[in-house]
Amino acid sequence: MSQQIKPTHGQWSRLVFVLAATGSAIGLGNIWKFPYITGEHGGGAFVLVYLVCILAVGIPIMIGEVLMGRRGRLSPINTLGVLVKEAKASKLWKVIGYSGVLAGILIMSFYTVVAGWSVDYLLIAAQGGLQGQDADSIQAIFDNLLASPGKLLIWSSIFTLMTLLVVGFGVQAGLERAVKVLMPGLFLLLALLVGYALTLDTFIQGVHFLFDPDFSKLTADGVLVALGHAFFTLSLGMGAIMTYGSYMPEKASIGKTVLLVAFLDTLVALMAGMVIFPIVFEHALQPGSGPGLMFVTLPIAFGEMPWGVPLGTAFFMLVTFAAWSSSISLIEPGVAWLTEKGIARWPATLGIGLLCWLLSIGSVLSFNLWSGEQYQIFDTNFFDAVDWLTANIMLPLGGLLIAIFVGWVMKDSHVRKELQMKNEALYLVWRVLIRIVAPIAVVVIFASSLGWI
Ligand code: TRP
């Protein structure tokens, strides 16, 4: 019986919640993925749709996820068990929790591979390997890395182990200390890099690309990718933020906290874009060149700028850490659920970790041994297919169900009690967003990308 399940964890202070949620939100999604999908989908118009999705869909659903978690106080699957009982609703809603655990494992499986690239670059940068290289030889460094399954697998395995270590010991202990130093560090370094980008003649061109909307470049697929990324970057739609919400103290204001996390997350993504695109144009690179974008643009800049070795090393170190504090939240929902079933924390962590690791082999091979057409799924390689399926289908669908659950299934009085919003008008705005705007946006974007409308 779900009522008898006891939380297997304590509670955080508000500060730790903010740090953990920001740590989860800010990651490869901001620095690696946002610039490359923006480049692929033509820039400004895509960014505008993405920002609207953050405001009208992401933030309202994030508030919903946190409040569900804090009310249920358990892993997403069991939190839903508690909440459906309270609302006398169908147990089928637990599917949000189960699909979330699956989505987390799938995302983790390719996330660790990209994080592994970052580890590799950290070492290259530290050894001065980026200095004095032209754009072609920097591209060759990336191509060589992708061509080497052994190297990719070693780095992604090391990164997976790093994540398992924190989750195994319990997210509380390590995460707090790490994130307190690392998030401000990453922010500072990005600000420095923006300063560097400002010195380039192409800075304005980069900013235009990022913020000048040209709607003729936007496709229905682009809109779906923007929506999916709003979920991905805020860690929404799979229960990660719900799990963290279950550790949130009673008194903290959910609305304000969520706004802060979403603001920081968006700021970091836009800053990354303002660094990368000026460099892209400076060296006549292609903005739409795909997942390698960050790994071929920034190294060129580090190779040229003063203090390039320490700055480049520090940058890739912080990207690795940002990815680390994100990956923790990808497997925590599944691990928390297993511990509530009575499995000890370490075996639960290792079990889920093993599953992620096995799947990650598929992503590793996507760039080399399995890059051929016979291995394609949905017309693309395994790595892209898993990314696409999770970010653009599973997360928005999970978010849709969460919005409907919070907006229509949970009792208004319970929702109000969790949110404790003093401003009634603001509450009503949120209510309209989560009940009507967010669900309709997800459905319409799905339908149009499928060509139904
Ligand atoms: N938000 C992280 C990023 O931008 C990735 C991430 C962590 C995530 N936890 C998640 C994405 C949960 C979706 C769901 O890099």
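Residues numbered from 1 in each chain as written. Predicted model: local features only at pLDDT ≥ 70, side-chain atom pairs only at ≥ 80, totals over all residues. Heavy atoms only, no water.

## Some words on the site of the ligand
Right, so step 1: As a structural note, the neighbourhood of the ligand is formed by 17 residues, with Gly29, Tyr111, Phe232, Ser235 and Ser329 the closest of them.
Right, so step 2: One of the backbone nitrogen or oxygen atoms of Ser24 is found 3.1 Å away from a nitrogen atom of the ligand.
Right, so step 3: In the model, an oxygen atom of the ligand is placed 3.4 Å from a nitrogen or oxygen of the Asn30 side chain.
Right, so step 4: Its free accessible area being 360 Å², the ligand has 100% of it covered by the protein chains.
Right, so step 5: Mapped by element, the contributors of at least two residues to the shell around the ligand are α1 (14-25), α2 (28-40), α5 (95-126), α10 (220-233) and α14 (308-340).
Right, so step 6: When the residues that make up the shell around the ligand are grouped by side-chain class, the tally is nine nonpolar, eight polar and no charged. (Near = heavy atom within 4 Å. Polar contact = N/O pair within 3.5 Å; in protein donor to acceptor, adjacent residues only side chain to side chain. Areas by Shrake-Rupley, 256 points an atom, 1.4 Å probe, with all protein chains shown as cover. Helix = DSSP H or I, 4+ residues; strand = E, 2+ residues; numbered from the N terminus. Nonpolar A, V, L, I, M, F, W, Y, C, P; charged D, E, K, R; others polar.)

## With respect to the environment of Pro347
Right, so step 1: Note on placement: Pro347 falls in helix α15 (residues 345-366).
Right, so step 2: Relative accessible area serves as the criterion here: at 47%, Pro347 is assigned to the partly exposed category.
Right, so step 3: Note: C-alpha distance between Pro347 and Val335 (twelve residues apart in sequence) is 9.2 Å. (Buried < 20%, exposed > 50% of the residue type's maximum accessible area, 1.4 Å probe, protein only.)

## Looking at the nonpolar core
Right, so step 1: The biggest cluster of nonpolar side chains holds 160 residues, and the ones touching the most others in it are Trp117, Met294, Phe315 and Phe316.
Right, so step 2: For Trp117, the contacting residues outside a window of four places in its chain are Trp32, Phe142, Leu145, Leu146, Leu152, Pro291, Phe295, Phe367 and Phe383. (Core = buried A, V, L, I, M, F, W, Y, C linked by side-chain atoms within 4.5 Å. Contact = heavy atoms within 4.5 Å.)

## Observations regarding the pattern of salt bridges
Right, so step 1: Across all of its chains, the model carries ten salt bridges by this definition.
Right, so step 2: Between Asp387 and Lys33 there is a salt bridge, with the nearest N and O atoms lying 2.8 Å from each other. Separated by 354 residues along the polypeptide, Asp387 in helix α16 (residues 382-409) and Lys33 in helix α2 bring together distant segments of the chain. Of the two residues examined, Asp387 and Lys33, each falls in the buried class.
Right, so step 3: Each of the salt bridges in this network shares a partner with another, and the network as a whole consists of Arg70, Arg71, Glu86 and Glu418. (Salt bridge = Lys/Arg side-chain N within 4 Å of Asp/Glu carboxyl O.)

## Notes on unusual backbone geometry
Right, so step 1: Phi is positive for Arg73, close to 60 degrees, though the residue is something other than glycine.
Right, so step 2: Structurally, Arg73 can be placed in the loop between α3 (44-72) and α4 (76-87).
Right, so step 3: Take Arg73: its relative accessible area is 12%, and that puts it in the buried class.
Right, so step 4: Residue Phe378 is not a glycine yet carries a positive backbone phi of 45 degrees.

## Side note on the packing of aromatic side chains
Right, so step 1: Within this structure, the stated rule accounts for 30 aromatic pairs.
Right, so step 2: Relative to Phe383, the ring of Trp117 lies with its centre 6.1 Å away and its plane at 25 degrees, an arrangement referred to as stacked. In this pair, Trp117 is assigned in helix α5 and Phe383 in helix α16, connecting sequence segments 266 residues apart.
Right, so step 3: Note on Phe295 and Phe316: the rings are 6.2 Å apart at their centroids and 20 degrees apart in plane angle, and the pair reads as stacked. Of this pair, Phe295 sits in helix α13 (residues 293-304) while Phe316 is found in helix α14, placing the two residues 21 residues apart along the sequence. (Phe/Tyr/Trp six-rings, centres within 6.5 Å; stacked < 30°, edge-to-face > 60°.)

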